[in-house]
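# Survey of secondary and tertiary structure
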Amino acid sequence: MDGGADVIGYPWSEPPSGVQAIEVAPGVLWMRLPLPMKLDHVNIYALDDGDGWTIIDTGFSSRKTRELWQGLLDGPLGGRPVRRVVVTHHHPDHVGLAGWFQTEHGAELVTTRTAWLFSRMLQLDEQARPASETLAYYRRAGMSAEEIARRADERPFNFSDVVYPMPLGFTRIKQDNVIRIGGRVWDVHIGNGHAPEHATLWSRDDNLVIAGDQILPSISSNLGVYATEPKADPVGDWLEACERLSQFARPDHLVLGGHKLPFTGLPVRMRQLIENHHGALKRLLADLDTPKAAADCFPVLFKRQIGEAEYGLALVEAVAHLNHLHSQGLVEQSERSDGAMVYCRKTS
């Protein structure tokens, strides 16, 4: 496989399935768990610590996922215990079974403070119907009155539906920490944008990078603004993190991400991740010659039809790009008669 600086390579063309595992480096197993959504999988990794395993991320909490995990534990992991779980970030496909491993397997949870706090907070915040703040956020983003009314009468996505109860207690990692896993020494570098205080691990002993969803091939990580922090600027956070992490990137790095395939050619991928969002911002700014709400910006941002399954993620990402342009002083905002916040390019 060509490891040139301008080439993105995929050493494996097919992922593992079921309770299979692929050894991507000595003592490092790549496994994959299903997700009930358009992005239908999450990658997990197990690192051999001799007397047991450290696993990276966990999948959703569901009976099916726990059954698959039992098959993995009995099969590729050889019946040896999982002693540590490293969670890269707080999203439920990554943290979903951390509490199960803590409670049922006695594993230590290792993650960033923000990831743990978000996970605990969201798990305890169970809602039968959307909060008034969420409905107000939808209105400001330009969601139609009909869609808001429909969502107001439905049970929203609840973190607790797919995340196993998390007990008190975790081990914190932060920027510039050093951690030993799987016979290797890893530097901790923190990303942002897709999720606050997202952990990535960079091996000092070989070419491995454990990237979670901070660095993915072929798809862009969602950068979303939510009712919890409606004025957030995750696009700005993302660009800063990409520029900073790109300093460590080598062409021969084997990047083990949370989705899609492991890949090499990290420098060119980092450039793509940065340029893709600069390009989206440039297109969006050019299109804001008349006032538009976030829900009006899908065609220019995504350049494709957005279906019902993608609508929510598209909406929060459109808000994120508008927030960034506003934080840079490039657009003006005002309130439309229907309560939507609209943005227009400054003329001077």
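Here is what the cut-offs are and how they apply
- Residues numbered from 1 in each chain as written.
- Predicted model: local features only at pLDDT ≥ 70, side-chain atom pairs only at ≥ 80, totals over all residues.
- Heavy atoms only, no water.
- Helix = DSSP H or I, 4+ residues; strand = E, 2+ residues; numbered from the N terminus.
- Buried < 20%, exposed > 50% of the residue type's maximum accessible area, 1.4 Å probe, protein only.
- Salt bridge = Lys/Arg side-chain N within 4 Å of Asp/Glu carboxyl O.
- Axes fitted to C-alpha atoms, helices over the stretch in contact; angles between N-to-C directions.
- Parallel < 35°, antiparallel > 145°, perpendicular 65-115°, else oblique.
- Left-handed = near helix turned anticlockwise from the far one by under 90°.
- Contact = heavy atoms within 4.5 Å.
- Nonpolar A, V, L, I, M, F, W, Y, C, P; charged D, E, K, R; others polar.

Here we come to unusual backbone geometry. In this structure, aspartate 57 is a non-glycine residue whose phi angle is positive, near 65°. Examined against the element boundaries, aspartate 57 turns out to sit in the loop between β4 (53-56) and α1 (63-74). The class for aspartate 57 is buried, based on a relative accessible area of 2%. Backbone geometry at serine 218 places phi at a positive 70°, although glycine is not the residue there. Here serine 218 shows up in the loop between β11 (208-212) and α7 (234-246).

This part takes up the pattern of salt bridges. Enumeration over the complete set of coordinates arrives at 19 salt bridges. Note that aspartate 51 is salt-bridged to arginine 83, the shortest N-O span being 3.4 Å. Of the two residues, aspartate 51 is situated in the loop between β3 (41-48) and β4 and arginine 83 in strand β5 (residues 82-86); the sequence distance between them amounts to 32 residues. Owing to a relative accessible area of 49%, aspartate 51 belongs among the partly exposed residues under this scheme. Residue aspartate 338 is joined to arginine 336 by a salt bridge in which the shortest nitrogen-to-oxygen separation is 3.0 Å. Overlapping salt bridges, with partners in common, bring together Glu147, Arg150, Arg151 and Glu154 in one network.

Here the focus is the packing of helix α5 (residues 132-141) against helix α6 (residues 145-152). The geometry of α5 relative to α6 is characterised by a closest axis approach of 10 Å and an angle of 165° between their N-to-C directions. Looking at the two axes, α5 sits roughly antiparallel to α6. Both α5 and α6 take part in a crossing whose hand is right-handed. Across the interface between the two elements, Leu135, Tyr138 and Arg139 from α5 touch Ile148, Arg151 and Ala152 from α6. Taken together, the residues of the contact of α5 with α6 sort by class into 4 nonpolar, no polar and 2 charged.

Before going further, it helps to examine the environment of tryptophan 100. Mapping tryptophan 100 onto the fold places it in helix α3 (residues 98-105). With a relative accessible area of 9%, tryptophan 100 lands in the buried category. Considering only alpha carbons, one finds tryptophan 100 and serine 61, 39 residues apart in sequence, at a separation of 8.3 Å. Not counting chain neighbours up to four residues away, the residues in contact with tryptophan 100 comprise Arg66, Trp69, His105 and Tyr164.

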